[in-house]
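This is what each chain is made of:
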Amino acid sequence: MVEQTGPYLTAAVGAYGLGVLARAEDAAVNATANLGRRILQVVWQRCDAQGRAELEAAVQDTAEAPDDADAAAALRQQIKRALRADAELLAELARILPVGDGAVNVTASGERSIAAKTIGTAITGDNTTITP
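Here's what I pulled together on the structure shown here.

The rules behind these values
Residues numbered from 1 in each chain as written. Predicted model: local features only at pLDDT ≥ 70, side-chain atom pairs only at ≥ 80, totals over all residues. Heavy atoms only, no water. Helix = DSSP H or I, 4+ residues; strand = E, 2+ residues; numbered from the N terminus. Buried < 20%, exposed > 50% of the residue type's maximum accessible area, 1.4 Å probe, protein only. Contact = heavy atoms within 4.5 Å. Areas by Shrake-Rupley, 256 points an atom, 1.4 Å probe, with all protein chains shown as cover. Expected span 1.5 Å × (residues − 1). Arc of directions from axis to C-beta. Polar contact = N/O pair within 3.5 Å; in protein donor to acceptor, adjacent residues only side chain to side chain. Axes fitted to C-alpha atoms, helices over the stretch in contact; angles between N-to-C directions. Parallel < 35°, antiparallel > 145°, perpendicular 65-115°, else oblique. Left-handed = near helix turned anticlockwise from the far one by under 90°. Nonpolar A, V, L, I, M, F, W, Y, C, P; charged D, E, K, R; others polar.

Here the focus is the overall build of the protein. Summing up its helical and strand segments, the protein has 5 helices and 0 strands in all. Listing every helix and strand of the protein by position from the N terminus yields α-α-α-α-α. Counting all 132 residues of the protein, 31% fall into the buried class. Long-range contacts, defined here as pairs at least 24 residues apart, represent 54% of the contacts in the protein between residues at least 6 apart. On the protein, roughly 8400 Å² of surface is accessible, and the fraction owed to carbon and sulfur atoms is 47%.

Following this line, the structure appears as structure tokens:
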């Protein structure tokens, strides 16, 4: 779960900076950043004072160095600690994340294009035949 939240957290911190912990959704910010903001706010609300201070420090470090993989990893580590401390938090985040709910969006565009969640063999084209 923590690895799945990483891109959302990074996008949120990049868009909002330290204000991510208090900011409301912004229509001008992309959906990934808004989802990351929601994740961070849920974790923030469920943390005690020490957990909030640690989460805030990790968000600050990530905001100051958005390309720093170590800062992003430290932020994910704070999420992991919060998940270990609060079993209900995992269920709450699972409801927020678009992964794991079975929903898949597949888009195909263009003449004769195909799209599939999983595919073994795709045979397309005019006058196509299948021989065993």
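A word on helix H3 (residues 49–64). Between its first and last C-alpha atoms H3 spans 22 Å; for 16 residues at 1.5 Å apiece the expected length is 22 Å, and the two agree. When we look at burial in H3, the residues that qualify are Gly51, Leu55, Ala58, Val59 and Thr62. For H3, the angular spread of the buried residues around the axis is 100°, confining them to a single face. Exposed residues lying more than 90 degrees from the buried face of H3 are Ala49, Gln50 and Glu64.

Our focus in this paragraph is the environment of glycine 14. Within the fold, glycine 14 resides in helix H1 (residues 2–16). Overall, the relative accessible area of 57% leaves glycine 14 in the exposed class. Considering only alpha carbons, one finds glycine 14 and aspartate 67, 53 residues apart in sequence, at a separation of 9.5 Å.

As a further point, take the side chain of aspartate 86. Looking at where aspartate 86 falls in the secondary structure, it is placed in the loop between helix H4 (69–85) and helix H5 (87–96). At 3.1 Å, the side chain of aspartate 86 forms a polar contact with the backbone nitrogen of glutamate 88.

Here we take up H5. Residues spaced three or four apart along an α-helix point in a common direction, a consequence of the helix completing one turn every 3.6 residues. Considered for burial, the residues of H5 that qualify are Leu89, Leu93 and Ile96. What you see down the axis of H5 is that its buried residues fit within an arc of 50°, all on one side. In H5, the exposed positions angled more than 90 degrees off the buried face are occupied by Ala87, Glu88 and Arg95. Looking at where H5 begins, the residue whose side-chain oxygen comes 3.1 Å from the main-chain nitrogen of glutamate 88 is aspartate 86.

Once that is clear, we can look at the packing of H3 against H4. To characterise two packed helices, one gives the angle between the axes of the helices and the distance between these axes. At a minimum axis distance of 8 Å, the contact between H3 and H4 shows a crossing angle of 160°. Considering their axes alone, H3 and H4 lie roughly antiparallel with respect to each other. Once H3 is placed against H4, the crossing between them reads as left-handed. On H4, the residues that touch Glu54, Leu55, Ala58, Val59, Asp61 and Thr62 of H3 are Ala71, Ala72, Ala74, Leu75, Gln78 and Ile79. Looking at the contact of H3 with H4, its residues break down into 8 nonpolar, 2 polar and 2 charged.

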